[in-house]
Amino acid sequence: MSTGPNEQAFQNVRKLISDVCQQMNIAEMCRVRLMECERELTIHFPIKMDDGEVRVFTGFRVVHNDSRGPSKGGIRYHPDVNLDEVRALAALMTLKTAVAGVPYGGAKGAVICDPRTLSQTELERLTRRYASDIAIIMGPDSDIPAPDVGTNPQIMAWIMDTYSMGRGYSVPAVVTGKPLEIGGSNGRFEATGRGCMVSALLAAKHLGLNPLEATVVVQGCGNVGATGADLLAREGCRVMAISDSRGGVYNPKGIDLEGLFARKRETGSVIGFRNAETLTNAELLELKCDILVVAALEHALVKANAPSVKARIIVEGANGPTTPDANKILCDNGIFIVPDILANAGGVIVSYLEWVQGLQSFYWGEEEVNNYLRRLMTSAFTEVLHLSQLNKVDMRTAAYMTALRQLAAAMTIRGVFP
Ligand code: NAD
């Protein structure tokens, strides 16, 4: 496989999978299978815009591995997304579902578009056409999408409805992250941010930090970042700074999050919020704090800025926010990193409950869902920390070890067809 400039993200994940497989003496037949994605669908589809013009959009759905169960992974709408990024994200899902201990494989989907420039009707037509085109892979027993950057519960509802129309009956289990009214789960919207909060507090406890004295900085003010910030504040932490794609706001005494979220809803950005100074995303990542939650996009922490990061703990709410170079620098500087495949697993844990609910037509209350999330996150964190201490490796390597052990066992037991 070639590795051009746009093909680094998947290459980074492949390299770590390969290195850890070799370190653990995992069978070669498992390692080589994990080096590639099982299925890759690229589609170019026409959409009639509101002004009558027909535009062609490009979308992807990639299944990395389904040895442990149906593949699972979000759908991203973003102007810069590409196939390599989708492959990397699909592979991370394979690892994440294994670390979390939910019976899924890994997948990811995307459409190259800027959803902020589309009208609701254009967004609906684009989503329905994309859902219809990926239906050859997607299904409640085969491949189950969920929200990611640029998509939301309404988009999941259109996907569910489109798939159901093709079948002639309602199929709620085909997608998770749906609105509650059509079979969404209590607590799903907040689940990824809640998982970040749980893992941040477990990391703080491990390092002997009192949450009531902990300072927090959050990059990204979307589903994961805003919820993570809010829940950490509710646990008594002081959230000093938060940002979105336009920049960040900072108040060392703590940000009034309720007011900030209202401003973001009204103006579309956190910028200009009262009682806080404005700063760039680059400056935000270098603030001295106890917990830095990176919850925006890939490659926020790179070789150039890693030496300037002054956090004690980094919680990777985003997928792939740290490049391998940066990871080494941060670990060498003694920063405790809760890696993406562990830190942001809360979403897929509650997605699993939503899927089971859809299959069984049985529903759990919010408290039960949140307790289940906390139990699985705590057990995954404890297992990864244990392996990290036992093998004297960083938490990312230990999380890969946990996942790859499960994956190798599943692949070996299933064998190779035919
Ligand atoms: P979202 O679209 O709701 O929010 C993304 C946020 O990041 C927005 O506030 C955006 O303005 C901000 N942003 C974009 N570029 C930025 C930059 N350069 N600097 C600072 N902020 C920037 O997306 P989300 O669902 O919150 O996802 C965020 C990350 O979490 C992604 O990496 C995603 O893959 C990962 N994730 C999401 C879920 C989920 O359930 N939503 C689950 C697991 C992982």
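Residues numbered from 1 in each chain as written. Predicted model: local features only at pLDDT ≥ 70, side-chain atom pairs only at ≥ 80, totals over all residues. Heavy atoms only, no water.

## Quick look at the overall build of the protein chain
What counts, and what does not: In this text, helices come from DSSP runs of H or I with a minimum length of four residues, and strands from runs of E with a minimum of two, each type numbered from the N-terminal end. Between the two quantities, the radius of gyration covers C-alpha atoms and the globule rule is 2.2 Å times the number of residues to the power 0.38. We call a residue buried when its accessible area falls under 20% of the maximum for its residue type, exposed when it is over 50%, and partly exposed in between, using a 1.4 Å probe and counting protein chains only. The method behind every accessible area is Shrake-Rupley, applied with a 1.4 Å probe, and residues are considered shielded solely by the protein chains displayed. Think of it this way: Lys and Arg go in the positive column, Asp and Glu in the negative one, and His and the chain ends go nowhere. For charged residues, the charge sits on one atom: NZ in Lys, CZ in Arg, CG in Asp, CD in Glu.
Helices and strands together make up the secondary structure of the protein chain, namely 14 helices and 12 strands. For a compact globule of 418 residues, the expected C-alpha radius of gyration is about 22 Å, and the protein chain comes in at 20 Å, within 12% of that figure. With the principal axes as the frame, the protein chain shows a C-alpha extent of 55 × 55 × 45 Å. Within the protein chain, the fraction of its 418 residues that count as buried is 58%. Total accessible area on the protein chain stands at roughly 17,200 Å², and carbon and sulfur atoms take up 51% of it. If you average the places of the 42 positive and of the 45 negative side-chain charges in the protein chain, the two averages end up 3 Å apart.

## Comments concerning the packing of aromatic side chains
The line we're drawing: Each pair of aromatic rings taken from Phe, Tyr and Trp, with Trp reduced to its six-membered ring, is defined by centres within 6.5 Å and is described as stacked if the planes are under 30 degrees apart, edge-to-face if over 60, and tilted in the remaining cases. Charges are assigned to positions over rings by a cutoff of 6 Å between ring centre and Lys NZ or Arg CZ, combined with an angular limit of 35 degrees from the ring normal.
Within this structure, the stated rule accounts for seven aromatic pairs. One aromatic cluster is present, built from ring pairs that chain together Phe-45, Phe-57 and Tyr-130. The lysine or arginine in question, Lys-72, covers the ring of Tyr-104, its NZ or CZ lying 6.0 Å from the ring centre.

## Observations regarding the sheet that holds strand 12 (residues 336-338)
The line we're drawing: For two strands to be treated as a pair, DSSP must find no fewer than two bridges joining them. Axes here refer to lines fitted to C-alpha atoms; in helices the fit is confined to the stretch in contact. Angles between the N-to-C directions go from 0 to 180 degrees.
Here seven strands make up an open sheet; going across it, the order is 9-8-7-6-10-11-12 and the pairing mixed. Since the sheet does not close on itself, it has two edges, and those belong to strand 9 (277-279) and strand 12, each with one partner. Between one strand axis and the next, the sheet turns by 20° as a mean value, whatever way the strands run. Sheet topology note: the strand 11 (residues 310-316)/strand 12 ladder contains three bridges and is parallel. If you follow Ile-314 over to strand 12, its bridge partner there is Ile-337.

## Things to note about unusual backbone geometry
Of the consecutive residues Phe-417 and Pro-418, the connecting peptide bond is found in the cis state with omega at 0°. Among the structural elements, Pro-418 can be located in the segment after helix 14 (395-414). Notably, Asn-275 is not glycine yet its phi reads approximately 60°, a positive angle. With respect to the helices, strands and loops of the structure, Asn-275 is situated in the loop between helix 8 (257-267) and strand 9.

## Focus on helix 10 (residues 324-332)
Let me state the cut-off plainly: In this description, the arc belongs to the directions extending from the helix axis to the C-beta atoms. Whether two residues are in contact is decided by their heavy atoms: any pair within 4.5 Å suffices.
All buried positions along helix 10 are accounted for by Ala-326, Asn-327 and Leu-330. Along the axis of helix 10, the buried residues cluster in a sector spanning 105°; they form a single face. Opposite the buried face of helix 10, by more than 90 degrees, sit the exposed residues Lys-328 and Asp-332. For helix 10, the elements touching its buried residues are strand 11, strand 12 and helix 14.

## Regarding the domain arrangement of the protein chain
Note the cut-off: By convention here, the domain bounds are inherited from an automatic or database domain assignment. By buried area we mean how much accessible surface two parts lose on assembly, using a 1.4 Å probe and totalling the loss over both. Salt bridge, as used here, is a side-chain nitrogen of Lys or Arg placed within 4 Å of a carboxyl oxygen of Asp or Glu. The definition of a polar contact used here is a pair of N or O atoms within 3.5 Å, where within protein one atom must be able to donate a hydrogen and the other to accept one, and adjacent residues in sequence count solely through side-chain atom pairs.
Under the domain assignment used here, the protein chain contains domain 1 (5-21 + 31-172) and domain 2 (189-343). Relative to domain 2, the C-alpha centre of domain 1 lies at a distance of 26 Å. Contacts between domain 1 and domain 2 engage 14 residues on the former and 12 residues on the latter. Summing both partners gives a buried area of about 1,000 Å² for domain 1 against domain 2, and 61% of it is carried by carbon and sulfur. Of the charged contacts in the structure, one is a salt bridge between Arg-76 and Glu-298, with a shortest N-O distance of 3.0 Å. Taken together, the connections running from domain 1 to domain 2 amount to two residue pairs in polar contact (both at pLDDT 80 or more). Of all the secondary-structure elements, those providing two or more residues to the side of domain 1 that touches domain 2 are strand 3 (71-78) and helix 3 (83-100). Looking at which element gives the most residues to the side of domain 1 that touches domain 2, the answer is helix 3, with six residues.

## Describing the site of the ligand
Under the convention used in this document: Residue proximity to a molecule or strand is established when one non-hydrogen atom of the residue lies within 4 Å of it. Amino acids are sorted into nonpolar (Ala, Val, Leu, Ile, Met, Phe, Trp, Tyr, Cys and Pro), charged (Asp, Glu, Lys and Arg) and polar (every other residue, Gly among them).
Lining the immediate environment of the ligand, one finds 25 residues, of which Arg-76, Asp-148, Thr-192, Val-224 and Asn-319 sit closest. Val-224 places a polar main-chain atom, nitrogen or oxygen, 2.9 Å from an oxygen atom of the ligand. Contact with the protein chains removes 83% of the 820 Å² of surface that the ligand exposes when unbound. Elements with a minimum of two residues in the shell around the ligand: helix 6 (188-206), helix 7 (223-234) and strand 7 (238-244). Of the residues belonging to the shell around the ligand, the class tally is seven nonpolar, 12 polar and six charged.

## Describing the pairing of strand 3
The test is simple: The definition of a right-handed crossover adopted here requires that, viewed with the strands pointing away, the path from the first strand over the helix to the second runs clockwise.
Within strand 3, eight of the eight residues are buried, which leaves the element mostly enclosed by the surrounding structure. Of the strand pairs in this sheet, strand 3 and strand 4 (residues 105-112) are connected by six bridges, and their pairing is parallel. In the strand pairing of strand 4, Lys-72 is matched with Gly-106. Running through helix 3, the crossover from strand 3 to the neighbouring parallel element strand 4 is right-handed. Where strand 3 meets strand 5 (residues 143-147), five bridges bridge the pair, whose relative direction is parallel. Each bridged residue has a counterpart across the sheet, and for Lys-72 the counterpart in strand 5 is Ile-144.

## Some remarks on helix 14
Given 3.6 residues per turn, any residue in an α-helix points the same way as the ones three and four places further on. Counted only if it meets this: Each helix should span, by expectation, one fewer than its residue count multiplied by 1.5 Å.
Its 20 residues place the ends of helix 14 29 Å apart at the C-alpha level, agreeing with the 28 Å of an ideal helix rising 1.5 Å per residue. Burial within helix 14 is extensive, with 14 of its 20 residues counted as buried. Residue Asp-394 occupies the N-cap position of helix 14, its side-chain oxygen lying 3.0 Å from the main-chain nitrogen of Arg-396. After helix 14 finishes, the residue Gly-415 shows a positive phi value of roughly 80°.

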